[in-house]
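Per-entry structural report
Here are the chains, one letter per residue:
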Amino acid sequence: MSAKLKLLTLFTLSFFATAVVVGIDRIHKWHSNRLYNSKKQQQVQAKQNSNQKLVVYHSRIKYKAIPLTRFRTVLRGTDPAALAINAFDATQSQQLNRKVEVIYPQRDRAMVLITQTNSNSSELKPIKYRVELTSFGRSLFVTSPPLWQIVWAGSSEQCLVSRNNTVPSATCR
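The rules we used
Residues numbered from 1 in each chain as written. Predicted model: local features only at pLDDT ≥ 70, side-chain atom pairs only at ≥ 80, totals over all residues. Heavy atoms only, no water. Helix = DSSP H or I, 4+ residues; strand = E, 2+ residues; numbered from the N terminus. Buried < 20%, exposed > 50% of the residue type's maximum accessible area, 1.4 Å probe, protein only. Contact = heavy atoms within 4.5 Å. Core = buried A, V, L, I, M, F, W, Y, C linked by side-chain atoms within 4.5 Å. Patch = residues over 30% accessible without salt bridge, like charges linked within 9 Å, V, L, I, M, F, W, Y side chains within 5 Å. Areas by Shrake-Rupley, 256 points an atom, 1.4 Å probe, with all protein chains shown as cover. Salt bridge = Lys/Arg side-chain N within 4 Å of Asp/Glu carboxyl O.

Some points on the overall build of the protein chain
Looking only at helices and strands, one finds 2 helices and 7 strands in the protein chain. Relative to its full complement of 173 residues, the protein chain shows a buried share of 21%. Counting contacts in the protein chain only where the partners sit at least 6 residues apart, residues at least 24 apart contribute 46% of the total.

Notes on the nonpolar core
Formed by 15 residues in total, the largest nonpolar core has its most connected members in Phe88, Val131 and Leu133. Where this core is concerned, the elements lending two or more residues are helix 2 (80–89), strand 4 (109–118), strand 5 (127–138) and strand 6 (146–160). Here this core takes 4 residues from helix 2, the largest share from any one element.

Side note on a nonpolar patch on the surface
Side chains of Met1, Leu5, Leu8 and Phe11 sit close together on the surface and give an oily, nonpolar patch of about 480 Å² of accessible area. Within the secondary structure, Leu5 is located in helix 1 (residues 3–58). Exposure remark for Leu5: the relative accessible area of 41% places this residue in the partly exposed category.

Quick notes on the pattern of salt bridges
Scanning all chains against the criterion turns up 2 salt bridges. Among the salt bridges present, the one from Arg130 reaches Glu132, with a minimum N-O distance of 2.7 Å. Classification of Glu132 by relative accessible area gives buried; the value is 7%. What you see here is one network of salt bridges that share partners, running through Arg60, Arg130 and Glu132.

Some points on the side chain of Thr134
Of note, Thr134 is situated in strand 5. Assessed through its relative accessible area of 18%, Thr134 is described here as buried. Contact partners of Thr134, with chain neighbours within four places excluded, come to Asp108, Arg109, Leu147, Trp148, Gln149 and Val151.

In structure tokens form, the structure reads like this:
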């Protein structure tokens, strides 16, 4: 091999080695910046979530907590309203008039409000139930609906003062 060919080979190899080292260094810096930014984002999200949890938990004050062990049904599924209704159907065997409302305060949270009255009873005592659910992923495919799990349930009984007005159960006798 001639001296010129050796020198050209050495120059080419050193050029590629430098390019590889610089590329690895840039990838490392990019990943570390990305990790730093994601940690910073997580901290901001954690602060936002703690404020949102305070609002959600503050509205729980109106309800008496129901232990989840009381429910004899599955607490996981794809439809929040059906999960909440099935949880209370297993505990109630009488005919009831129901109004069901589903609220999604966040993308991964759902709240089901159920207002029910006993249609057979002469005295109408509306009972309000609040069921909170969280999403914990999807079933098998990305296009499938999200899976929900009941994380909290509560009830609030009201007394009927007249046909149009109700008061919380704390003032009932």
